[in-house]
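Here's the letter readout for the chains.
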Amino acid sequence: MSFRLDGKTAIVTGGGRGIGKAITKRLAGAGANVVIASRKLDALEAAVQDCAGLDGKVAPVVCHVGKADQLQNLVAETGKLFGPVDILVNNSATNIGQGPALDVSDEALLKTMEINVLAVHRLIRLLVPKMIERGKGGSIINIASIAGLRPQPGGLCYSFTKAGLIMATRIWAMEFGKHGIRVNAICPGLIQTDFSEYFWKNDEHMARLKATQPLPYLGQPEEIGGMALYLASDESSYVTGQTMVVDGGATAR
Ligand SMILES: NC(=O)c1ccc[n+]([C@@H]2O[C@H](COP(=O)([O-])OP(=O)(O)OC[C@H]3O[C@@H](n4cnc5c(N)ncnc54)[C@H](OP(=O)(O)O)[C@@H]3O)[C@@H](O)[C@H]2O)c1
C-alpha cells in the first residue's frame, strides 16, 4: 500500500485554479503525470508553472467540458502526452441559474446538467472502456458538493446536478468494480475559491459558519487535496461508490 502514484497518468478537469489546482499539486507531488484541462489556457499555464519541481509532470490541454469533441481531444492529447489514463478527477463545474426555483429557465437547468453531469458521463464513456481493456483498474473521483446532500434553497440547478453526480457515482462504482475501477465522490463544504465568493464574502454567512460549524473556519482548497490523493492511491483500494464529505463538520449537525 502506498500513497505514491509514480508512473500513473491523471486528468484533472478544472485543474488550473481552486480545488482542481490543489488536487493536481497533490497528485503530481505523489509522482503522477497530470493533464489539467479547462477553457482558459493562461490559467492552465500559470498552474503548470506553480507545479514546477513536483515529482510528476503537469501539462495543459484546453477543453470546454460541455463540448463532446473537446472531451475527445482531451483524451487523445492525454494519451499522446502521458499514455493511458489511470486517474480521472471530474472537478469542473458551473453554478448558473441561482435564484428561486420558479425562475429557473430550461436553458439554465440544461446547461448545468451538461457541465456538471453529462460531461462526466461523456468522459467516463471515453475512458472506462480503455481502462477495462487495459486491465489495470483505475480511480475516478467526482467532485460533488454538500449542496448535493442537503437542499440549498435558491440553488436548484446546482444542488440537483450534484445530487445526480453522487448517485451516478454509486452506479458507476457498481458497474465498474469487477474491473478494478473504483469510483468515488468528494463533497466539499465551503472552500475559499472564486466559485464560492458569493458565500465567503457575505459577513452574515461567515458569522453563521463560524458559530455553527465544528471546525469554525473557511476551508482551503488544499484541504480537499489529501482526500483526492487518498482516493487516487492504493491506500483506498477497498473504497468505492462512496461519498467522502470534507466540510469542516458542517453536515455533522
Ligand atoms: N468552492 C467551494 O466552496 C465548493 C464547494 C463544494 C463543491 N465545490 C466543487 O468543487 C469543484 C471546483 O470548484 P472550485 O471551487 O475550485 O472553483 P473555481 O476555482 O472557480 O474553479 C472551477 C474550475 O472549473 C473550470 N471550468 C468551469 N467551467 C468549465 C467548462 N465549461 N469547461 C472546462 N472547465 C471549466 C474552471 O476553468 P476555466 O474557467 O478555465 O474553464 C476552473 O478551473 C466544482 O465541482 C465545485 O462544484 C466547490
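Here, the structure is the one placed above.
Residues numbered from 1 in each chain as written. Predicted model: local features only at pLDDT ≥ 70, side-chain atom pairs only at ≥ 80, totals over all residues.

1. Regarding the site of the ligand
Piece 1. Taken together, the neighbourhood of the ligand is formed by 29 residues, with Gly 14, Gly 18, Ser 38, Ala 93 and Phe 195 sitting nearest.
Piece 2. The element contributing the most residues to the shell around the ligand is helix α1 (residues 18–29), with three residues.
Piece 3. Considered class by class, the residues forming the shell around the ligand number 11 nonpolar, 14 polar and four charged. (Near = placed C-beta within 6 Å. Helix = DSSP H or I, 4+ residues; strand = E, 2+ residues; numbered from the N terminus. Nonpolar A, V, L, I, M, F, W, Y, C, P; charged D, E, K, R; others polar.)

2. Observations regarding the environment of Phe 160
Piece 1. Relative to the elements of secondary structure, Phe 160 occurs in helix α5 (residues 156–176).
Piece 2. Classification of Phe 160 as buried rests on a count of 21 C-beta atoms within 10 Å.
Piece 3. Distance in space between the C-alpha atoms of Phe 160 and Gly 66 is 18 Å, their sequence separation being 94 residues. (Buried ≥ 20, exposed ≤ 12 C-beta atoms within 10 Å, placed from the backbone.)

3. Re the sheet that holds strand β7 (residues 243–246)
Think of a sheet as strands paired side by side through backbone hydrogen bonds, with each pair either parallel or antiparallel.
Piece 1. Spatial strand order, β3-β2-β1-β4-β5-β6-β7: seven strands in an open sheet with parallel pairing. Strands with a single pairing partner mark the edges of an open sheet, and in this sheet they are β3 (58–62) and β7. On average, each strand axis in the sheet is inclined to that of its neighbour by 20°, with strand direction left out of account.
Piece 2. Judged from the four bridges that link them, strand β4 (residues 87–90) and strand β5 (residues 138–143) form a sheet pairing that is parallel. Note on β5: the bridge partner recorded for Val 89 is Ile 141.
Piece 3. Taken strand by strand, helix α3 (residues 68–82) contacts β1 (9–13), β2 (33–38) and β3, and its axis lies near 155° from that of β2. (Pairing = 2+ DSSP bridges. Axes fitted to C-alpha atoms, helices over the stretch in contact; angles between N-to-C directions. Contact = placed C-beta atoms within 7 Å.)

4. Quick word on the packing of helix α4 (residues 106–134) against α5
Piece 1. Between α4 and α5, the least distance of the axes is 9 Å, while the angle of their chain directions is 20°. Taken together, the axis directions place α4 and α5 in an arrangement best described as roughly parallel. Seen from above, α4 lies across α5 with right-handed handedness. Contacts between α4 and α5 involve Ala 108, Leu 109, Thr 112, Met 113, Asn 116, Val 117, Val 120, His 121, Ile 124 and Val 128 from the former and Cys 157, Tyr 158, Thr 161, Lys 162, Gly 164, Leu 165, Ala 168, Trp 172 and Phe 176 from the latter. (Parallel < 35°, antiparallel > 145°, perpendicular 65-115°, else oblique. Left-handed = near helix turned anticlockwise from the far one by under 90°.)

5. Some thoughts on the environment of Gly 66
Piece 1. In this structure, Gly 66 sits in the loop between β3 and α3.
Piece 2. Distance from Gly 66 to Met 113, taken between C-alpha atoms, is 9.5 Å for residues 47 residues apart in sequence.
Piece 3. Discounting chain neighbours no more than four positions away, the residues touching Gly 66 are Glu 114, Ile 115 and Ala 119.

All quantities given are derived from atomic positions and should not be read as evidence of function.
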